[in-house]
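Results of the structural survey
This is what each chain is made of:
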Amino acid sequence: MSFATALRCRKCGQEYPLQPQSLCNFCLSPLEVTYDYQAMAKAVTRDKIAGGPRSMWRYRDLLPVESEAVDIGAGLTPLVKADNLGRELGLDQLYIKNDCLNPSYSFKDRAVAVAIAKAREFGLDTIACASTGNLAASAAAHAAKADMKAYVFVPADVEPGKLIGAAIYKPVLVSVNGNYDDVNRLCAEVARRYKWGFININLRPYYAEGSKTLGYEVVEQLGWRAPDCIVCPAASGLLFTRVGKALDEFSMLGLTDPVNTRLFVSQAAGSAPIANAFLAGSQHIHPVKPDTLVRSIAIGNPADGYYALRVARQSGGGAGTVTDEEAIAGVKLLAQTEGIFAEAAGGVVIGVLKKLAAAEVIKRDAVTVALITGAGPRTQEILSSVVQPITVQPNLQSLEEALGVVA
Amino acid sequence: MAKKQIMFTFPQDLITEPIIYNLSQRFKVVTNIRRADISENKGWVVLELEGDESEIERSIAWVTGKGVRVDPVVGDIVEG
Ligand SMILES: Cc1ncc(COP(=O)(O)O)c(C=O)c1O
Ligand SMILES: [Zn+2]
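Presented here is an overview of the structure given in this document.

This next bit is on unusual backbone geometry. Residues and elements named next belong to chain A. A positive phi angle, close to 60 degrees, is found at L28, a residue other than glycine. You can see L28 is positioned in the loop between β2 (15-16) and β3 (31-35). Residue classification places L28 among the buried residues on the basis of a relative accessible area of 3%.

Dropping the structure here:
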């Protein structure tokens, strides 16, 4: 038995049973899983969590899953002290949460693991999603493990190479002749017509809960202490809001002291509706047409944008953007200082962190965690310029000449 | 009959125009406002449109032509 009690509207508070549904029937705002926190607090202790599985399922009591987990090994990724990068940026207590090291190479495994378990509980035999990369791979991988059918929708103009990471798990890959908006429209219709578990539509409240485990882990790995600052990438804004929820829950359950973490949202300048609203002091997110090569976080109309904005403001945090060039520089800097090869979204986080540290918005002595949410190899094409080998003949003389060394 | 849940975002120069009223007069579409926020320089409305699929599509094309931005309330579905 989980401690989840209902789905509740984030705007008007209307409650619904735990079912596949993501919007309030009345005000059309997003729904969120609520729990019996009093009962949960009695069941959860630091020791119990620490003695649990070496995966995200150690936080099972804080998740809405009733049945056996669909476990491909998501979670409990390393939190490493990043002294080299910290020296570069002027931060003495910088940590990298390396979520590249999930089974399908991004944090999405955390979210999908919960969504797919719920799909099975709801008696659905098919899941679906629309994605050009990380979500597609994770959904297809989990469907393989759960022995469920998966439909993955992609716009026809996506480079085929991008899709290998999903296609290998053999979902039904549907390439739609049209642009992003066309795929969005089609998927909304598909979700209405078919009894499928659409990961980021009718299963979205559960998908969201899985993302919380990233926040839980950061706190546990810091020795049950919430950091002073977290820098997090945002697309729909969902992960960002759930990291905030994770910290709040830990303190509400008495697992940590009251939390004062400042949460910073980072986006690519070419698709930054949340960061732009923050920086403009606006309450409203103006949707944009994404124009950035940081494709994994290019969402122009972010479903959780309004709530992400609130989390950034209420936590005393902030927002930042970087250009595509700065994002790529961030990817290189992280790899060349800490040996961690992130995708471009990670470069956005590092680039924004660099600016926040330089402006002393994040102070030198603050315990700061950068969330690196996806691995580099899936988006190698943006980095082809790093390959500049020294060419030699297969003999020592040629090698030593080329390297400018003498034995 | 179909239902469509969408968000209209109005630029400043259209805020004083009765666009939603005009839409329901011009097209066989029932408009049902669920949430809104309007100030002097911008505004958005989350509403449900009900009618024949084709009539809904025509009404959306018409408001878009007026300069209103139309987005699905579920947000973008295609993710990275
Ligand atoms: C690598 C990576 N980081 C971060 C995100 C942010 O996700 P969201 O803000 O939609 O939760 C995504 C999602 O598309 C992603 O692929
Ligand atoms: Zn509501």
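Once you've had a look at it, read on.
So, about the layout of surface pockets. Residue and element names in this part refer to chain A. What the second largest pocket holds in volume is close to 580 Å³. Surrounding the second largest pocket, 25 residues form its lining, T241, G244, K245, D248 and V311 being those nearest its centre. Looking at the lining of the second largest pocket, the elements with two or more residues in it are β1 (4-9), β3, α9 (238-252) and α11 (305-314). The dominant element in the lining of the second largest pocket, judged by the number of residues it contributes, is α9, at 8 residues. Of the residues assigned to the lining of the second largest pocket, the class counts are 10 nonpolar, 8 polar and 7 charged.

To continue, consider a nonpolar patch on the surface. On the surface, a cluster of nonpolar side chains totalling about 510 Å² of accessible area is made up of A:I390, A:V392, A:L396, A:L399, A:L403 and A:V405. Mapped onto the elements, A:L396 comes out in helix α14 (residues 396-403).

With that out of the way, let us pick up the site of ligand 1. Near ligand 1 lie 17 residues; those nearest to it are A:K108, A:A235, A:S236, A:L239 and A:T373. With respect to ligand 1, the chains having nearby residues are chains A and B. A:G237 is positioned such that a nitrogen or oxygen atom in its backbone is 2.9 Å from an oxygen atom of ligand 1. Here an oxygen atom of ligand 1 and a backbone polar atom of A:L238 are 3.5 Å apart. Across the complex, the protein chains shield 99% of the 390 Å² of accessible surface that ligand 1 would expose by itself. Judged by the fraction of its atoms near the pocket grid, ligand 1 is located in the largest cavity. Looking at the shell around ligand 1, its residues break down into 7 nonpolar, 7 polar and 3 charged.

Along a regular strand, successive side chains alternate from one face of the sheet to the other. Most of strand β12 (residues 318-322) of chain A is tucked away, with 5 of its 5 residues classed as buried. Neither face of β12(A) is exposed, since A:G318, A:G320 and A:V322 on one face and A:A319 and A:T321 on the opposite face are all buried.

Another aspect to go through is the coordination of the zinc ion (ligand 2). The protein atoms that coordinate the zinc ion (ligand 2) are A:C9 (SG), A:C12 (SG), A:C24 (SG) and A:C27 (SG), at distances spanning 2.3 to 2.4 Å. Its 4 donor atoms give the zinc ion (ligand 2) angles of 96 to 120 degrees at the centre, a pattern that matches the tetrahedral case.

How each quantity is defined
Residues numbered from 1 in each chain as written. Chains lettered and ligands numbered in written order. Predicted model: local features only at pLDDT ≥ 70, side-chain atom pairs only at ≥ 80, totals over all residues. Heavy atoms only, no water. Helix = DSSP H or I, 4+ residues; strand = E, 2+ residues; numbered from the N terminus. Buried < 20%, exposed > 50% of the residue type's maximum accessible area, 1.4 Å probe, protein only. 1 Å grid on protein atoms, 1.4 Å probe; cavity = no way out; pocket = protein on both sides within 12 Å on 5 of 7 lines; lining within 4 Å. Points joined across faces, edges and corners; volume = space filled by probe spheres on them. Nonpolar A, V, L, I, M, F, W, Y, C, P; charged D, E, K, R; others polar. Patch = residues over 30% accessible without salt bridge, like charges linked within 9 Å, V, L, I, M, F, W, Y side chains within 5 Å. Areas by Shrake-Rupley, 256 points an atom, 1.4 Å probe, with all protein chains shown as cover. Salt bridge = Lys/Arg side-chain N within 4 Å of Asp/Glu carboxyl O. Near = heavy atom within 4 Å. Polar contact = N/O pair within 3.5 Å; in protein donor to acceptor, adjacent residues only side chain to side chain. Sits in = over half its atoms within 2 Å of the grid points. Donors = N, O, S within 2.8 Å, 3.2 Å for Na, K, Ca; no water. Tetrahedral: all angles 85-135°; square planar, octahedral: opposite > 155°, others 65-115°.

Any link to function would need more than the numbers given here.
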